[in-house]
Amino acid sequence: KQEVTQIPAALSVPEGENLVLNCSFTDSAIYNLQWFRQDPGKGLTSLLLIQSSQREQTSGRLNASLDKSSGRSTLYIAASQPGDSATYLCAVRSYNTDKLIFGTGTRLQVFP
Amino acid sequence: SQTIHQWPATLVQPVGSPLSLECTVEGTSNPNLYWYRQAAGRGLQLLFYSVGIGQISSEVPQNLSASRPQDRQFILSSKKLLLSDSGFYLCAWSVHLQGPYGYTFGSGTRLTVV
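All of the points below concern the structure found in this document. Given the structure is predicted, the values throughout are model-derived calculations rather than measurements.

Helix and strand counts for chain B come out as zero helices and eleven strands. If you list the helices and strands of chain B from N to C, you get β-β-β-β-β-β-β-β-β-β-β. Dimensions along the principal axes, computed over C-alpha positions, put chain B at roughly 40 × 25 × 25 Å. Taking all 114 residues of chain B together, the buried fraction comes to 46%.

Moving on, we come to the sheet that holds strand β6 (residues 56-59) of chain A. Residue and element names in this part refer to chain A. Strand order in this open sheet of five strands is β1-β3-β8-β7-β6, and the pairing throughout is antiparallel. A strand with exactly one partner marks an edge of an open sheet, and here the two such strands are β1 (4-7) and β6. When the angles between neighbouring strand axes are averaged without regard to direction, this sheet yields 15°. In this sheet, strand β3 (residues 19-25) lies alongside β1 in antiparallel orientation, the contact comprising four bridges. Bridged to Ile7 within β3 is Asn22.

Quick look at the interface of chain A and chain B now. With 18 residues of chain A at the contact, the number on the chain B side is 24 residues. The tally of links between chain A and chain B comes to one salt bridge. One salt bridge connects Glu59 of chain B with Lys99 of chain A, and the closest N-O pair in it is separated by 3.7 Å. Of all the secondary structure elements, the ones that give two or more residues to the side of chain A that touches chain B are β4 (30-38), β5 (44-51), β9 (86-94) and β10 (100-102) of chain A. Here the side of chain A that touches chain B gets five residues from one element, more than from any other, and that element is β4 of chain A. Here the side of chain A that touches chain B is built from residues that sort into seven nonpolar, seven polar and four charged.

Residues and elements named next belong to chain B. Of all seven residues in strand β4 (residues 32-38), seven are buried, a share of seventy percent or more. Burial of β4 is two-sided: the residues Asn32, Tyr34, Tyr36 and Gln38 facing one way and the residues Leu33, Trp35 and Arg37 facing the other way are all buried. Sheet topology places β4 next to strand β9 (residues 87-94); seven bridges connect them, and they run antiparallel. Residue pairing in the sheet places Trp35 in a bridge with Cys91 of β9. Pairing analysis gives six bridges linking β4 to strand β5 (residues 44-52), with the strands arranged antiparallel. Bridging from a neighbouring strand, Trp35 pairs with Phe48 of β5.

By the definition in use, this model includes ten aromatic pairs over all chains. Here Tyr31 of chain A and Tyr95 of chain A contribute two aromatic rings whose centre-to-centre distance is 4.4 Å and whose plane-to-plane angle is 80°, an arrangement assigned as edge-to-face. Remark: Tyr95 of chain A occurs in the loop between β9 and β10 and Tyr31 of chain A occurs in strand β4; sequence separation between them is 64 residues. Measuring from centroid to centroid gives 5.6 Å for Tyr36 of chain B and Phe105 of chain B, while their planes differ by 55°, and the two rings are tilted. Taken together, the residues span a long stretch of sequence, with Tyr36 of chain B in strand β4 and Phe105 of chain B in strand β10 (residues 104-105) at a distance of 69 residues. Neither residue differs from the other here; Tyr36 of chain B and Phe105 of chain B are each classed as buried.

Residues and elements named next belong to chain B. Position of Arg68 relative to the elements: it lies in strand β7 (residues 65-70). Residues within four places of Arg68 in sequence aside, it is in contact with Asn30, Pro31, Leu33, Ser50, Val51, Gly52, Ile53, Gly54, Ile56, Gln73 and Phe74. Only 3.1 Å separates the side chain of Arg68 from the backbone oxygen of Ser50, close enough to count as a polar contact.

Residue and element names in this part refer to chain B. Of all six residues in strand β8 (residues 73-78), six are buried; the element is thus mostly enclosed. Both faces of β8 are covered, namely the face carrying Gln73, Ile75 and Ser77 and the face carrying Phe74, Leu76 and Ser78. Here strand β3 (residues 19-26) pairs with β8 via six bridges, running antiparallel. Each bridged residue has a counterpart across the sheet, and for Glu22 the counterpart in β8 is Ile75. The hairpin turn running from β7 into β8, its antiparallel successor, is two residues long.

Procedures and definitions
Counting of residues starts from 1 at the beginning of each chain's written sequence and follows it residue by residue. Whichever chain is written first is A, and whichever ligand is written first is 1; the rest continue in order. Only residues with pLDDT of at least 70 get local features here, since the model is predicted, and only at 80 or more are side-chain atom pairs given and counted; chain-wide, interface and lining totals rely on the full set of residues. Derived side-chain values reflect all non-hydrogen atoms in the structure, with water molecules and hydrogen atoms excluded from consideration. Starting at the N terminus, helices and strands are each numbered in turn, a helix being any DSSP run of H or I of at least four residues and a strand any DSSP run of E of at least two. Only protein chains enter the accessibility calculation, which uses a 1.4 Å probe; a residue whose area is less than 20% of its type maximum is buried, one above 50% is exposed, and one in between is partly exposed. Here, a strand pair is defined by DSSP locating no fewer than two bridges between the strands. Axis geometry follows a simple rule: fit a line to the C-alpha atoms, using only the stretch in contact for helices, then measure angles between N-to-C directions, giving values from 0 to 180 degrees. Note on contacts: a residue pair qualifies if any of its non-hydrogen atoms lie within 4.5 Å across the two residues. By convention in these notes, a salt bridge is any Lys or Arg side-chain nitrogen within 4 Å of a carboxyl oxygen on Asp or Glu. All amino acids are sorted into three groups, where Ala, Val, Leu, Ile, Met, Phe, Trp, Tyr, Cys and Pro are nonpolar, Asp, Glu, Lys and Arg are charged, and the leftover types, Gly among them, are polar. Ring geometry is summarised as follows: Phe, Tyr and Trp rings, the Trp one being its six-membered ring, pair when their centres sit within 6.5 Å, and such pairs are stacked at plane angles under 30 degrees, edge-to-face over 60 and tilted between the two. By the criterion applied in these results, polar contacts are pairs of N or O atoms within 3.5 Å in which, for protein atoms, one can donate a hydrogen and the other can accept it, and in which residues neighboring in sequence qualify only through two side-chain atoms.

Written out as structure tokens, the structure reads:
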């Protein structure tokens, strides 16, 4: 059974810091891994989608890497801003079930 | 472009009352459709998914049911709500093929059962 874990559960940093959010998964047989952002009381916004054959994806200040063999992904946020404050979720789409399985998220607060 | 709509955005319902949440997708045909629930302080749990009209798979036994009367319409229902049904409900869609495709989520419905 696929299990997804995110560390840390919460993070509070001053503006301008570079951040690394971690995601690990137990079954490496995946189609892809997707990072989402969720603002309080809102739906999920897709940030980055990494296919199983890729090692990283970049969008603006965000960079996500994938090491499928070790079951790990990291989301790197450069020069963090207060507007980055949100919960970040990673999710994997497994071969066996073709379902999207979520981690429990990292709640990020960036203060001025 | 594809869009996904969910309504209502918020709902307060008494225990024992019925429920109907609706989700529609535009700009694509024959999508896979999903209902997820996010309870307070917990992760996202897959409740139901559908690969076609009238085809519903349930992930967890519960007080809820789902239906897909049209290709791009997905409905979450309950005959009698329980307090434990409170949570944030999210609809999502993906391409109707197994493989390297992402999911797109709606804006969610906040359900409070009182």
